[in-house]
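Examination of the molecular architecture
Residues per chain are reported as follows:
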Amino acid sequence: MIDKLCDEAVEEDTAVACFYFDFAARTEQSPVNMLGSLLRQLVSGMEGIPEAVVRSFRNQKKVIGGRGLQVSGILKMFQTIAGTKRTFICVDALDECVPENRMVILESLGQIARESLDTRILVTGRSHVRSEVERKLGGAVAFLLIEPTGDGIIGYLREKLKNDTTPEIMSGALEGDIMESISQIGSETYV
Amino acid sequence: MSQGFSNNQNSFNTRSTFNSSTTNTFNYLTPDDESKILAWLSPLEPGVRHRDIGAQRLDSIGSWILETQEFRRWHGGSREDGTNHPTLFCDGNPGAGKSYIM
């Protein structure tokens, strides 16, 4: 999806930023670092660094030792940038963000969507965080259930079997059994 | 070590497409200044994870999403035409392929 959006961005003057939450990286994936990463991607795609960003950077340097970014400061800079063009933000695995941070992230994404009218935000996550998303984003959010498709499972299995490192022990019958049995249980577990 | 702006790997965007007429930008910063500012914004590099997932994904996996009404409304809708859902939440069980649709 991101690749499709990026392809379109070349033709249609849009911007794309993404983020992948990972529970193993929960310490460094703070709200400031996460939102700052989205902003950094948008800034990186511009011909020059926006004045608002340069000014914030220079102002924080006046404090001894420098001042770290804050969520409110990032959101202000976001508004000056995302407000100028169609912007797509994609966030994966919201459930892997620690709960306290998740609230801040959802609040912030909601604010971005409200203030930058041409911004579109896509979030993926396990179903147990759906109620939090509903509560924080309310009527501004639509939902789509992701389930493995039969074609997807078969295609994945074919690819795996094609690259089997021990093809000498594979037979047509065994391959057939694998395809059939995994396809049957796959709709609940595998892609 | 400083990194030149043109070598930045942390962007999904094509710089030449930006319309600078709508935002005031600084075009006279040195590459070193620009690198410092970008590093100040965030040390994280989600592009690495995106490339890892892309390398493992079959081309056709997840393409059905693009044809759904929910995605189309999210992607092409606007506040003016009444499709006022700027956010799309894609939920599913563990292993359903959520990361691979990205």
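Describing the pairing of strand E4 (residues 119-126) of chain A
The buried fraction of E4 of chain A is high, at seven of eight residues. Remark: the strand E3 (residues 87-92) of chain A/helix H5 (residues 99-115) of chain A/E4 of chain A crossover connection has right-handed handedness.

Points about the domain arrangement of chain A
On domain assignment, one finds that chain A holds domain 1 (2-140) and domain 2 (150-186). Here domain 1 of chain A and domain 2 of chain A have C-alpha centroids that lie 40 Å from each other.

Quick notes on helix H2 (residues 31-44) of chain A
Residues and elements named next belong to chain A. Between the first and last C-alpha of H2 there are 20 Å, a value that for 14 residues agrees with the 20 Å anticipated at 1.5 Å per step. For H2, a buried count of 12 out of 14 residues is recorded, marking the element as mostly surrounded by other parts of the structure. Within H2, burial applies to Asn33, Met34, Leu35, Gly36, Ser37, Leu38, Leu39, Arg40, Gln41, Leu42, Val43 and Ser44.

Focus: the interface of chain A and chain B
Listed per partner, the contact involves 73 residues of chain A and 61 residues of chain B. The residue inventory of the side of chain A that touches chain B, partitioned by class, reads 41 nonpolar, 18 polar and 14 charged. Two elements, strand E5 (residues 141-145) of chain A and strand E2 (residues 87-92) of chain B, share five bridges in a ladder whose sense is parallel. The residue bridging Val141 of chain A from the neighbouring strand is Thr87 of chain B, located in E2 of chain B.

Remarks on unusual backbone geometry
Residue and element names in this part refer to chain A. Even without being a glycine, Asp13 presents a positive backbone phi close to 55 degrees. Note on placement: Asp13 falls in the loop between helix H1 (2-12) and strand E1 (15-20). The phi dihedral of Ala93 falls on the positive side, at around 60 degrees, and the residue is not glycine. Summarising the element assignment, Ala93 is placed in the loop between E3 and H5. We classify Ala93 as buried; it has 20 C-beta atoms within 10 Å.

About the thresholds
Residues numbered from 1 in each chain as written. Chains lettered and ligands numbered in written order. Predicted model: local features only at pLDDT ≥ 70, side-chain atom pairs only at ≥ 80, totals over all residues. Buried ≥ 20, exposed ≤ 12 C-beta atoms within 10 Å, placed from the backbone. Helix = DSSP H or I, 4+ residues; strand = E, 2+ residues; numbered from the N terminus. Right-handed = clockwise from strand over helix to strand, strands pointing away. Domains from an automatic or database assignment. Expected span 1.5 Å × (residues − 1). Contact = placed C-beta atoms within 7 Å. Nonpolar A, V, L, I, M, F, W, Y, C, P; charged D, E, K, R; others polar. Pairing = 2+ DSSP bridges.

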